[in-house]
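Residue-level structure breakdown
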Amino acid sequence: MNEVVQKDLLLPGHYLVNEKVCSRDWIDTEKLMQEEGLKEKIIYTFEKMITPHVEENNFIILGVGTVGLQIGSILAYRLCSPFLHIVPKHLEKHYDEHEISRVTLEKGIKYIIISDVVITGLTIAEVRRKYEIPIDEIIGIYCIFKRSFNLEKIKIEESEILQRVQAINTDFDAELRTKATCKLYNQCKTCICNNKILN
């Protein structure tokens, strides 16, 4: 997507990806979704990607995070599917208690997971554990960006998840550091940012 570069959506800085890993840059997908023409193009592309993999309406769409909510709810409407917004644990502090889903998902149902960016797969793994979703019940994990990364140590669970990811764009690799190799963490003893640029 040339739009990422043209609209300055690839932000340099220090960003906390999850409790174990930080990144040297971040793609501002929320700003990307503010562009109505682009938003419709993304949703239409997801619809074309998903449609061949579903039979009838025997699946539920799970939208992970804010962008997953925006895309997933529209896709669910267009595909006549139930929808559930999932708030990842690391984002719960930004939501009111009533906005966080506390449901038990039915066994034997198939799921489509929608997210903005998948890097390590840890957030999707967290969703799987929290809602006890077997990997074979996931039709697919769809994201705008799948970012390859430079860390060799990734759990088997996350590698199974990464194999199921289908992305619109895979052009932007991520430069990741673990807390053990992060200079900021080693100097300050904390990664003090959570998806915010460090000034």
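It should be noted that the structure appears before, not after, this text.
This write-up is about the structure you can find in this document.

About the thresholds
- Residues numbered from 1 in each chain as written.
- Predicted model: local features only at pLDDT ≥ 70, side-chain atom pairs only at ≥ 80, totals over all residues.
- Heavy atoms only, no water.
- Axes fitted to C-alpha atoms, helices over the stretch in contact; angles between N-to-C directions.
- Helix = DSSP H or I, 4+ residues; strand = E, 2+ residues; numbered from the N terminus.
- Parallel < 35°, antiparallel > 145°, perpendicular 65-115°, else oblique.
- Left-handed = near helix turned anticlockwise from the far one by under 90°.
- Contact = heavy atoms within 4.5 Å.
- Nonpolar A, V, L, I, M, F, W, Y, C, P; charged D, E, K, R; others polar.
- Pairing = 2+ DSSP bridges.
- Buried < 20%, exposed > 50% of the residue type's maximum accessible area, 1.4 Å probe, protein only.
- Salt bridge = Lys/Arg side-chain N within 4 Å of Asp/Glu carboxyl O.

Attention now goes to the packing of helix α3 (residues 36–50) against helix α4 (residues 65–78). Running from N to C, α3 and α4 point in directions that differ by 55°, and their axes come no closer than 10 Å. Between α3 and α4, the angle is such that the two are oblique. In this structure, α3 meets α4 at a crossing whose hand is right-handed. For the pair α3 and α4, contact is made by K39, E40, I42, I43, Y44, F46, E47 and I50 and by Q70, I71, I74, L75 and R78, respectively. Residues that form the contact of α3 with α4 fall into these classes: eight nonpolar, one polar and four charged.

Taken in spatial order, the three strands of this open sheet run β1-β2-β8, and their pairing is antiparallel. The open sheet has two free edges, formed respectively by β1 (10–16) and β8 (176–178), since each of these has just one partner strand. The average angle at which neighbouring strand axes cross in this sheet is 20°, direction not considered. For strand β2 (residues 21–27) and β8, the ladder comprises three bridges, and the chain directions are antiparallel. Across the sheet, residue S23 finds its bridge partner in β8, namely L176.

Keep in mind that most residues, glycine aside, have a negative phi and that most peptide bonds are trans. The phi angle at C80 is positive, at roughly 55°, despite the residue not being glycine. With a phi angle near 50°, E132 is a residue other than glycine that sits in the positive phi range. Within the element layout of this structure, E132 appears in the loop between α5 (122–131) and β6 (138–146). When its relative accessible area of 52% is taken as the criterion, E132 is described as exposed.

All right, on to the pattern of salt bridges then. Applying the stated rule across the entire model yields four salt bridges. Note that D25 and R147 form a salt bridge whose closest N and O atoms lie 2.6 Å from each other. Pair noted here: D25 is in strand β2 and R147 is in the loop between β6 and α6 (156–163), with a separation of 122 residues, a long-range link. R78 is the partner of E40 in a salt bridge, and the nearest nitrogen-oxygen pair spans 2.7 Å. With a gap of 38 residues between them, E40 in helix α3 and R78 in helix α4 connect regions that are remote in the sequence. A cluster of three or more residues bridged by salt bridges with shared partners is formed by E40, E47 and R78.

It is worth stressing that arrangement in space is one thing and function is another; only the former is reported here.
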